[in-house]
There are 2 protein chains.
Amino acid sequence: MFSKACEYGIRASTYIASQSLRNRRVSLKEIAEEIDSPIAFTAKILQQLSRNRIVDSVKGSAGGFQIENKQIEKIKLSEIVYAIDGNEVSMGCGLGLKKCNSNKPCPVHDKFVKIRDELKMMLENTSLYEMTEGLEVGLTYLKR
Amino acid sequence: MFSKACEYGIRASTYIASQSLRNRRVSLKEIAEEIDSPIAFTAKILQQLSRNRIVDSVKGSAGGFQIENKQIEKIKLSEIVYAIDGNEVSMGCGLGLKKCNSNKPCPVHDKFVKIRDELKMMLENTSLYEMTEGLEVGLTYLKR
DNA sequence: ATTAAATAGGACAAAATTGTCCGATATAAA
DNA sequence: TTTATATCGGACAATTTTGTCCTATTTAAT
Ligand code: FES
Ligand code: FES
């Protein structure tokens, strides 16, 4: 479904958001530990998210990553996915034709688009805030 | 969503089915042309499908690939996908945790499982026969 | 029997994705 | 101003996926 990079990106963003809500800026090292991801690879992904203004990065001593609290409910899961994987997942043809096109549909177009559109809606309607809600109370997990 | 191999596999199976319904056995070369796929790579994928008894292969002169007409409505899209990509798409965690587990869910578990399960049902309920229906009459396409 | 045409399968190659390492740069604190 | 601690970014390495090539094997037709 999503690339590894994207999965790490979502988990990292969620962790950063959860800590930002407590006014904690977090380091790459801490993030990678908390989401159980390879540290240097995670750094690359965070750079991408930073360039896409999904997370804020602060260099230097006492630096790290954070997300403005005001943004946490505004940022949608879709923005993270699109920033890393592009929008193939919500636009592409299920059978890999160059473009999904209802005028020249592939044999699964109708059924596939139905599900793809639901996924698209889910991604676009799920905020980072929602994703942090279960974390603090131990209802949801970013690693196991 | 699906790997390239899986996309080619679905398109190839659909084409073979459509020709089998007219009692035509088709060659690798013809398949690759009709679905616009790399021929040698397609050969590998057809081997996999053949080993998984999704398509029948006949070696030698006048050989090729076919699917028993009786099987065409029985074979489901899911069987092709599982044979090539495994069942990660209908079982895996959206955020890449080792296993999806509702007792220790990731932050998107509920919303993700809803969509994943619909996809699973779609795959398991769509027969190869259905996928061939639009092809003959030019309503659907396997290449563009 | 020989030949031609087809798939099977192993070895290899290219490309994409995933992952690592290290020096440059920025910042806070001593 | 120096030092310690961060991220940034480029180069590189490993792994997986995608794709190619060539020989062996099978089969039908001559
Ligand atoms: S054309 Fe294949 S999903 Fe639309
Ligand atoms: S635990 Fe992530 S989808 Fe179920």
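A brief report on the enclosed structure follows. (Residues numbered from 1 in each chain as written. Chains lettered and ligands numbered in written order. Predicted model: local features only at pLDDT ≥ 70, side-chain atom pairs only at ≥ 80, totals over all residues. Heavy atoms only, no water.)

**Some words on the overall build of chain A**
Here is step 1: Tallying secondary structure elements over chain A gives eight helices and two strands in all.
Here is step 2: When the helices and strands of chain A are listed from N to C terminus, the series reads α-α-α-β-β-α-α-α-α-α.
Here is step 3: Along the first, second and third principal axes, the C-alpha set of chain A runs to 55 × 30 × 30 Å.
Here is step 4: Residues counted as buried form 49% of the 144 residues belonging to chain A.
Here is step 5: The long-range fraction of contacts in chain A, counting pairs at least 24 apart against all pairs at least 6 apart in sequence, stands at 66%.
Here is step 6: Surface accessibility of chain A: about 7300 Å² in total, with carbon and sulfur atoms responsible for 48%.
Here is step 7: Each charge sign in chain A was given a centre, from 22 positive and 18 negative side chains, and these centres are 5 Å apart. (Helix = DSSP H or I, 4+ residues; strand = E, 2+ residues; numbered from the N terminus. Buried < 20%, exposed > 50% of the residue type's maximum accessible area, 1.4 Å probe, protein only. Contact = heavy atoms within 4.5 Å. Areas by Shrake-Rupley, 256 points an atom, 1.4 Å probe, with all protein chains shown as cover. Lys, Arg positive; Asp, Glu negative; His and termini not counted. Charge placed at Lys NZ, Arg CZ, Asp CG, Glu CD.)

**What about the interface of chain A and chain B?**
Here is step 1: Taken residue by residue, the interface counts 40 residues in chain A and 41 residues in chain B.
Here is step 2: Summed over both partners, the interface of chain A with chain B comes to about 3500 Å²; 64% of that surface belongs to carbon and sulfur atoms.
Here is step 3: Along the contact surface separating chain A from chain B lie four salt bridges.
Here is step 4: Between Lys-98 of chain A and Asp-36 of chain B there is a salt bridge whose closest N-O contact spans 3.7 Å.
Here is step 5: Where the side of chain A that touches chain B is concerned, the elements lending two or more residues are helix H1 (4-20), helix H7 (109-125) and helix H8 (128-136) of chain A.
Here is step 6: If one sorts the elements of the side of chain A that touches chain B by residue count, H7 of chain A sits on top with seven residues.
Here is step 7: The class makeup of the residues in the side of chain A that touches chain B is 20 nonpolar, eight polar and twelve charged. (Buried area = accessible area lost by both parts, 1.4 Å probe. Salt bridge = Lys/Arg side-chain N within 4 Å of Asp/Glu carboxyl O. Nonpolar A, V, L, I, M, F, W, Y, C, P; charged D, E, K, R; others polar.)

**Overview of the packing of H1 of chain A against helix H5 (residues 77-85) of chain A**
Residue and element names in this part refer to chain A.
Here is step 1: Remark: H1 packs on H5, axes separated minimally by 9 Å, with the N-to-C direction vectors making an angle of 145°. Note that H1 runs across H5; the crossing there is right-handed. Seen from H1, the contacting residues are Ala-5, Cys-6, Gly-9, Ile-10 and Ser-13; seen from H5, they are Leu-77, Ile-80, Val-81, Ile-84 and Asp-85.
Here is step 2: In terms of residue class, the contact of H1 with H5 is built from seven nonpolar, two polar and one charged. (Axes fitted to C-alpha atoms, helices over the stretch in contact; angles between N-to-C directions. Left-handed = near helix turned anticlockwise from the far one by under 90°.)

**Focus: the relation of the copies chain A and chain B**
Here is step 1: Note on the copies: chain A fits chain B at an RMSD of 0.0 Å, the axial shift is 0.0 Å, and the rotation between them is 180°. Taken together, the rotation angle and the small translation identify this as a two-fold axis. Ranked by how close their C-alpha atoms come to the rotation axis, the residues of chain A are headed by Met-1 of chain A, at 2.3 Å.
Here is step 2: Comparing interface residues between copies, 100% of those in chain A also sit at the interface in chain B, which points to an isologous, same-surface contact. (Least-squares fit on C-alpha atoms with pLDDT ≥ 70 in both.)

**Considering the pattern of salt bridges**
Residue and element names in this part refer to chain B.
Here is step 1: Scanning the entire structure with this criterion turns up 14 salt bridges over all chains.
Here is step 2: A salt bridge links Arg-22 to Glu-136; the shortest N-O distance between them is 3.2 Å. Taken as a pair, Arg-22 in the loop between helix H1 (4-20) and helix H2 (28-35) and Glu-136 in helix H8 (residues 128-136) lie far apart in primary sequence, 114 residues in all.
Here is step 3: Residue Glu-136 is classed as partly exposed on the basis of its relative accessible area, which comes to 42%.

**Looking at the environment of Lys-111 of chain B**
Here is step 1: Of note, Lys-111 of chain B is situated in helix H7 (residues 109-125).
Here is step 2: Residues Lys-111 of chain B and Gly-94 of chain B lie 17 residues apart in sequence; the distance between their C-alpha atoms is 9.7 Å.
Here is step 3: In terms of polar contacts, Lys-111 of chain B uses its side chain to reach the side chain of Thr-126 of chain A, at 3.0 Å. (Polar contact = N/O pair within 3.5 Å; in protein donor to acceptor, adjacent residues only side chain to side chain.)

**As for the protein's contact with DNA strand C**
Here is step 1: In the neighbourhood of DNA strand C, 25 residues make up the surrounding shell, with Ser-61 of chain A together with Leu-28, Lys-44, Gln-47 and Ser-57 of chain B lying closest.
Here is step 2: Among the elements that make up the surface near DNA strand C, the one with the highest residue count is helix H3 (residues 39-51) of chain B (four residues).
Here is step 3: The class makeup of the residues in the surface near DNA strand C is eight nonpolar, eleven polar and six charged. (Near = heavy atom within 4 Å.)

**Some details on the packing of aromatic side chains**
Here is step 1: Applying the stated rule across the entire model yields two aromatic pairs over all chains.
Here is step 2: With a centroid separation of 5.9 Å and an interplanar angle of 90°, the aromatic rings of Tyr-8 of chain B and Phe-41 of chain B are classed as edge-to-face. With Tyr-8 of chain B in helix H1 and Phe-41 of chain B in helix H3, this residue pair connects regions lying 33 residues apart in the sequence.
Here is step 3: Using a relative accessible area of 13% as the deciding quantity, one classes Tyr-8 of chain B as buried.
Here is step 4: Overall, the relative accessible area of 36% leaves Phe-41 of chain B in the partly exposed class.
Here is step 5: Of note, Lys-104 of chain B hangs over the ring of Tyr-141 of chain A, and the distance from its end group to the ring centre comes to 4.9 Å. (Phe/Tyr/Trp six-rings, centres within 6.5 Å; stacked < 30°, edge-to-face > 60°. Lys NZ or Arg CZ within 6 Å of the ring centre and 35° of its normal.)

Function cannot be read off these values alone, since they describe shape.
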